[in-house]
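Spelled out from the first residue to the last, the chains are:
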Amino acid sequence: MLLYSLLGVSIVLVLVCLGLIFINNNKHAAALKSKILQLQETQQQLSILRSEVAEMRTGMLSIGKRLVAVEQKNKELAQLQDAQKYDDPDAKIYSRAVKMVELGADIEEIIRECELPRAEAELLMSLHHQKGAN
């Protein structure tokens, strides 16, 4: 009889232990599922961010190419403008007059050397002084 009692108690203890193990495993399984879901969400977000970075990189490369083209065009236009400055005889006179104004020549000297009318010489002097004030 004692043997049956011990056997019964042992069976109850084994069942209780198995129950506790089952409950503990369920808690760990739920926590593990939650972690797996979080990891999957993080991987999806990472994938989206990688895609966005790739799009931005492509856009930046396109902008860079356009910027290089615009800079090249600007350089060409500046060269053309400089070339035209030397082709036009009137432009040479005005360039010389502006240079004289910058070097501090007086109005009479500019009129005499560049053969400019007084009004034009005064205008150049006035523009140079306004430019210097800014």
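Use the structure listed above.
Description of the structure in this document. Keep in mind the model is a prediction, meaning the values are calculated, not measured.

**Details of the overall build of the chain**
Scanning the chain from N- to C-terminus turns up four helices and zero strands. Each helix and strand of the chain, placed in order from N terminus to C terminus, yields the pattern α-α-α-α. Within the chain, contacts between residues at least 6 apart in sequence are counted, and of these 19% link residues at least 24 apart. Total accessible area computed for the chain in this model is approximately 11800 Å², and 63% of it derives from carbon and sulfur atoms.

**Re unusual backbone geometry**
Positive phi, normally seen in glycine, also occurs at Glu115, with a value near 55 degrees. Note that Glu115 resides in the loop between helix H3 (107–114) and helix H4 (118–133). Taking the relative accessible area as the measure of exposure, Glu115 reaches 71% and is therefore exposed.

**Considerations on the pattern of salt bridges**
Enumeration over the complete set of coordinates arrives at two salt bridges. With its nearest N and O atoms 3.2 Å apart, the salt bridge here joins Glu113 to Arg96. Placement of Glu113 in helix H3 and of Arg96 in helix H2 (residues 89–103) is noted, with a sequence separation of 17 residues between them. Residue classification places Arg96 among the partly exposed residues on the basis of a relative accessible area of 42%. Notably, a salt bridge pairs Arg118 with Glu108, separated by 2.4 Å at the nearest N-O pair. One end of the pair, Arg118, is in helix H4; the other, Glu108, is in helix H3, with 10 residues separating them in the sequence. When its relative accessible area of 40% is taken as the criterion, Arg118 is described as partly exposed. According to the relative accessible area criterion, Glu108 is partly exposed, its value standing at 38%.

**Section: the nonpolar core**
With 12 residues, the main nonpolar core is built from Ala97, Met100, Val101, Ala105, Ile107, Ile110, Ile111, Cys114, Leu116, Ala121, Leu124 and Met125. Elements with a contribution of two residues or more to this core: H2, H3 and H4. Ranked by the residues each element gives to this core, the list is headed by H3, at four residues. Excluding residues that lie within four positions of it along the chain, Ala105 makes contacts with Met100, Ile110 and Met125.

Calculation rules
- Residues numbered from 1 in each chain as written.
- Predicted model: local features only at pLDDT ≥ 70, side-chain atom pairs only at ≥ 80, totals over all residues.
- Heavy atoms only, no water.
- Helix = DSSP H or I, 4+ residues; strand = E, 2+ residues; numbered from the N terminus.
- Contact = heavy atoms within 4.5 Å.
- Areas by Shrake-Rupley, 256 points an atom, 1.4 Å probe, with all protein chains shown as cover.
- Buried < 20%, exposed > 50% of the residue type's maximum accessible area, 1.4 Å probe, protein only.
- Salt bridge = Lys/Arg side-chain N within 4 Å of Asp/Glu carboxyl O.
- Core = buried A, V, L, I, M, F, W, Y, C linked by side-chain atoms within 4.5 Å.

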